[in-house]
Amino acid sequence: MVKGLDHIGIAVPSIAEARLFYERLGLAVEAIEEVPQEGVRVAIIPVGGVKIELLEPLSEDSTIGRYLAKRGPGLHHVCLASDGVAADSASLRAAGVPLLRDEPTPGAEGALVQFVHPKGAGGVLYELSERPVGARD
Ligand code: CO
């Protein structure tokens, strides 16, 4: 079940350059993490109770690399916090909503994630994220 908004993912060619905008607004990068299986480097910027995730490609042929080549930098996905990604995936799949992965996979910060195809969600790429037990909100 979805419990809230977790983060907003923004595709950027360079975290080093993109972070300056947020820092000028008084926000700070809390962590930078590489997720090699996704081909991406992620900078996490807490804002209020949610986060902005800057997504920098590790290579041109990664998901974010191809996104940047096609669409340029900008809003990439919206992530909803779930307390059960497997159950949410099953319920969406049963309703015919297309998902990008057969099973939830590990994402940044040890979360379990699934993506909903924009075709099934009004044109928005949604990520569903389940935090590991014991992780802070
Ligand atoms: Co994300």
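Our subject is the structure that appears above.
Residues numbered from 1 in each chain as written. Predicted model: local features only at pLDDT ≥ 70, side-chain atom pairs only at ≥ 80, totals over all residues. Heavy atoms only, no water.

### Overview of the overall build of the protein
Next up, step 1: Helices and strands together make up the secondary structure of the protein, namely 3 helices and 8 strands.
Next up, step 2: Listed N to C, the secondary structure of the protein is β-α-β-β-β-α-β-α-β-β-β in terms of helices and strands.
Next up, step 3: For the protein, the C-alpha radius of gyration of 15 Å lies close to 14 Å, the compact-globule estimate for 137 residues.
Next up, step 4: Its C-alpha atoms give the protein principal-axis dimensions of about 45 × 35 × 25 Å.
Next up, step 5: Classification of the 137 residues of the protein by burial places 42% in the buried group. (Helix = DSSP H or I, 4+ residues; strand = E, 2+ residues; numbered from the N terminus. Rg over C-alpha atoms; globule rule 2.2 N^0.38 Å. Buried < 20%, exposed > 50% of the residue type's maximum accessible area, 1.4 Å probe, protein only.)

### Focus on the pattern of salt bridges
Next up, step 1: Applying the stated rule across the entire model yields 7 salt bridges.
Next up, step 2: In this structure, Lys3 engages Asp83 in a salt bridge whose closest nitrogen and oxygen atoms are separated by 3.6 Å. Residue Lys3 is found in strand β1 (residues 2–11), and its partner Asp83 is found in the loop between β5 (74–82) and α3 (85–94); the two are separated by 80 residues along the sequence.
Next up, step 3: Asp83 gets classed as partly exposed once you look at its relative accessible area, which sits at 44%.
Next up, step 4: Arg101 serves as the salt-bridge partner of Glu38, at 2.9 Å between the closest nitrogen and oxygen. A residue pair is termed long-range when its members are at least 10 positions apart, and Glu38 in the loop between β2 (31–35) and β3 (40–47) and Arg101 in the loop between α3 and β6 (105–106) qualify at 63 residues.
Next up, step 5: By relative accessible area, Arg101 is classed as buried at 19%.
Next up, step 6: When salt bridges with common partners are traced through the structure, they connect Asp6, Lys51 and Arg131 into a single cluster. (Salt bridge = Lys/Arg side-chain N within 4 Å of Asp/Glu carboxyl O.)

### Let's talk about the coordination of the cobalt ion
Next up, step 1: The cobalt ion binds to the protein through His7 (NE2), Glu53 (OE), His77 (NE2) and Glu127 (OE); the donor distances cover 2.0 to 2.7 Å.
Next up, step 2: Each donor residue of the cobalt ion belongs to the same chain, with the gaps between them written as H-x45-E-x23-H-x49-E. Of this pair, His7 sits in strand β1 while Glu127 is found in strand β8 (residues 126–130), placing the two residues 120 residues apart along the sequence.
Next up, step 3: What makes His7 buried here is its relative accessible area of 2%.
Next up, step 4: On the accessibility criterion, Glu127 (6% relative accessible area) is buried. (Donors = N, O, S within 2.8 Å, 3.2 Å for Na, K, Ca; no water.)

### A short note on the side chain of Ser82
Next up, step 1: For Ser82, the location among the structural elements is in strand β5.
Next up, step 2: At 2.9 Å, the side chain of Ser82 and the backbone nitrogen of Gly84 are in polar contact.
Next up, step 3: Of the polar contacts made by the side chain of Ser82, one reaches the backbone nitrogen of Val85; its length is 3.5 Å.
Next up, step 4: Here Ser82 is in contact with Met1, Val2, Asp88, Ser129 and Glu130, once residues within four sequence places are set aside. (Polar contact = N/O pair within 3.5 Å; in protein donor to acceptor, adjacent residues only side chain to side chain. Contact = heavy atoms within 4.5 Å.)

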